[in-house]
Amino acid sequence: MADPDQSKAHQALTFIAPCRDLPASAPLHWLALGWQDFLAAKSLSLSWGLISIALFALVAWAAWILGRWVLLISVLTGFIFIAPLLAFALYSVSRQLRKGLKPTLINTLQAARAPFANSLVFALVLLIIFLLWARAGSMVHIFFPADGKPGWSDFLTFLMVGSAIGSVFALLTFATSVFSLPFIANRQVDVVTAVVSSINAVLRNKWTMLSWACLIVILTAIGLATALIGFSVIIPWLAYATWHGYRAALDVSGWATLD
């Protein structure tokens, strides 16, 4: 029989959650499960989605006031850095549904309060990345016409250059947050362990995660194309799908649950 003290020592030395090999079709399955959760908690999901839209619209309005088109486009294309935080509290909804409970706004907020300290640390990391991207995006103004009468070709050039630079920041954000945030929201784990586990799972399943990233980009583009209204559905849907992806990708049985 294994010595309990040795088992505890082994767990204390564990700094990465084992990951599983994921099939290429896994992201579609996550979306299907996420949609089931959305329908099971439709009112709560739409309410949270509308709150998220209001917050992001406020940020976009501030960007327009402070920097007009240049800063506004930087903020819109930098939505990927903000979205994971907007979805953080929703991970508990899928967990409540899995336990056969009826999710409520109060229970969801209470579940998000437990990992509040770690979530703040991660929020600071994402904020720094976002600010770096916003600064880099504002420096791309050399590709924006100075006469104040931009044409479609000017917009296209600006977006292409900005997207190329932003893809580096987006890749870093995606790899560090895709599984770490639901890990932090559901288990007693530190930020470093969650981030390293997420990056390891992404690197071990490159093609699967590439397809997941492409689906996120497509849904994000739909949300932007609908003047943000589509995000009322897309944000909670992706949050639930991400939670199912986290459960499929990581073996977190070595970490205690938060409740």
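Residues numbered from 1 in each chain as written. Predicted model: local features only at pLDDT ≥ 70, side-chain atom pairs only at ≥ 80, totals over all residues. Heavy atoms only, no water.

Asks: Pulling in residues and values, what's your account of helix α10 (residues 191–204)?
Replies: For an α-helix, 3.6 residues make a turn, and residues three or four places apart therefore share a direction. Taking 1.5 Å per residue, 14 residues should reach 20 Å; α10 reaches 20 Å between its end C-alpha atoms and fits that length. Taken residue by residue, α10 has Val191, Thr193, Ala194, Val195, Ser197, Ser198, Ala201 and Val202 as its buried positions. (Helix = DSSP H or I, 4+ residues; strand = E, 2+ residues; numbered from the N terminus. Expected span 1.5 Å × (residues − 1). Buried < 20%, exposed > 50% of the residue type's maximum accessible area, 1.4 Å probe, protein only.)

Asks: Describe the pattern of salt bridges, with residues and values.
Replies: Applying the stated rule across the entire model yields one salt bridge. Salt-bridge contacts for Arg204 lead to Asp21; the nearest nitrogen and oxygen are separated by 3.4 Å. Taken together, the residues Arg204 in helix α10 and Asp21 in the loop between α1 (4–13) and α2 (26–40) connect sequence positions 183 residues apart. Residue classification places Arg204 among the partly exposed positions, given a relative accessible area of 46%. (Salt bridge = Lys/Arg side-chain N within 4 Å of Asp/Glu carboxyl O.)

Asks: Explain the packing of helix α5 (residues 91–98) against helix α12 (residues 231–249) to me, and be specific about the residues and the numbers.
Replies: Here α5 crosses α12 at 65°, and the two axes come no closer than 8 Å. One element, α5, and the other, α12, form an angle in the roughly perpendicular class. Considering only the axes of α5 and α12, their crossing is right-handed. In contact with Tyr91, Val93, Ser94, Arg95 and Arg98 of α5, α12 contributes Ala239, Tyr240, Thr242, Trp243, His244 and Arg247. Along the lines of polarity and charge, the residues of the contact of α5 with α12 split into five nonpolar, three polar and three charged. (Axes fitted to C-alpha atoms, helices over the stretch in contact; angles between N-to-C directions. Parallel < 35°, antiparallel > 145°, perpendicular 65-115°, else oblique. Left-handed = near helix turned anticlockwise from the far one by under 90°. Contact = heavy atoms within 4.5 Å. Nonpolar A, V, L, I, M, F, W, Y, C, P; charged D, E, K, R; others polar.)

Asks: Before we move on, can you summarise a nonpolar patch on the surface with the specific residues and values?
Replies: Judged by side-chain polarity, Phe15, Val192 and Val196 come together as a nonpolar surface patch covering roughly 290 Å² of accessible area. By secondary structure assignment, the location of Val196 is in helix α10. With relative accessibility at 31%, the residue Val196 sits in the partly exposed group. (Patch = residues over 30% accessible without salt bridge, like charges linked within 9 Å, V, L, I, M, F, W, Y side chains within 5 Å. Areas by Shrake-Rupley, 256 points an atom, 1.4 Å probe, with all protein chains shown as cover.)

Asks: Please give an account of the confidence of the model for the protein that cites residues and values.
Replies: Do not read the fine detail of predicted coordinates wherever pLDDT is low. For the protein, per-residue confidence averages 79 on the pLDDT scale, and 69% of positions sit at 70 or higher. When pLDDT is averaged over each helix and strand of the protein, the minimum, 43, is found for α1 and the maximum, 96, for α2. The low-confidence segment residues 1–13, where pLDDT is below 50, has three contacts with residues more than four positions distant or belonging to other chains. (pLDDT = per-residue confidence, 0-100.)

Asks: Give me the packing of aromatic side chains: which residues, what numbers.
Replies: In total, this model carries six aromatic pairs according to the counting rule given. Pairing Trp30 with Trp212 gives two aromatic rings, centres 5.4 Å apart and planes at 85°, and the pair type is edge-to-face. You can see Trp30 sitting in helix α2 and its partner Trp212 sitting in helix α11 (residues 206–225), a full 182 residues away along the chain. You'll find Trp30 and Trp212 in the same group, each marked buried. Three or more aromatic residues joined by ring pairs make a cluster, and in this case those are Trp30, Phe179 and Trp212. (Phe/Tyr/Trp six-rings, centres within 6.5 Å; stacked < 30°, edge-to-face > 60°.)

Asks: Describe the nonpolar core, listing the residues and the values that go with them.
Replies: Counting 54 residues, the largest nonpolar core has Trp30, Tyr91, Phe179, Phe183, Met209, Trp212 and Leu250 as its most contacted members. If you tally residues by element for this core, the top one is α12, at 11 residues. Aside from chain neighbours lying at most four places away, what touches Tyr91 is Pro84, Leu181, Pro182, Ala185, Asn186, Ala239, Thr242 and Trp243. (Core = buried A, V, L, I, M, F, W, Y, C linked by side-chain atoms within 4.5 Å.)

Asks: Describe α11, listing the residues and the values that go with them.
Replies: Between its first and last C-alpha, α11 extends 28 Å over 20 residues, near the 28 Å set by a 1.5 Å rise per residue. Buried residues of α11: Thr208, Met209, Trp212, Ile216, Leu219, Thr220 and Gly223, and no others. Projected onto a plane normal to the axis of α11, the buried residues spread over an arc of 110° and lie on a single side. Turned more than 90 degrees away from the buried face of α11 sit Lys206, Trp207, Val217 and Ala225, all of them exposed. (Arc of directions from axis to C-beta.)

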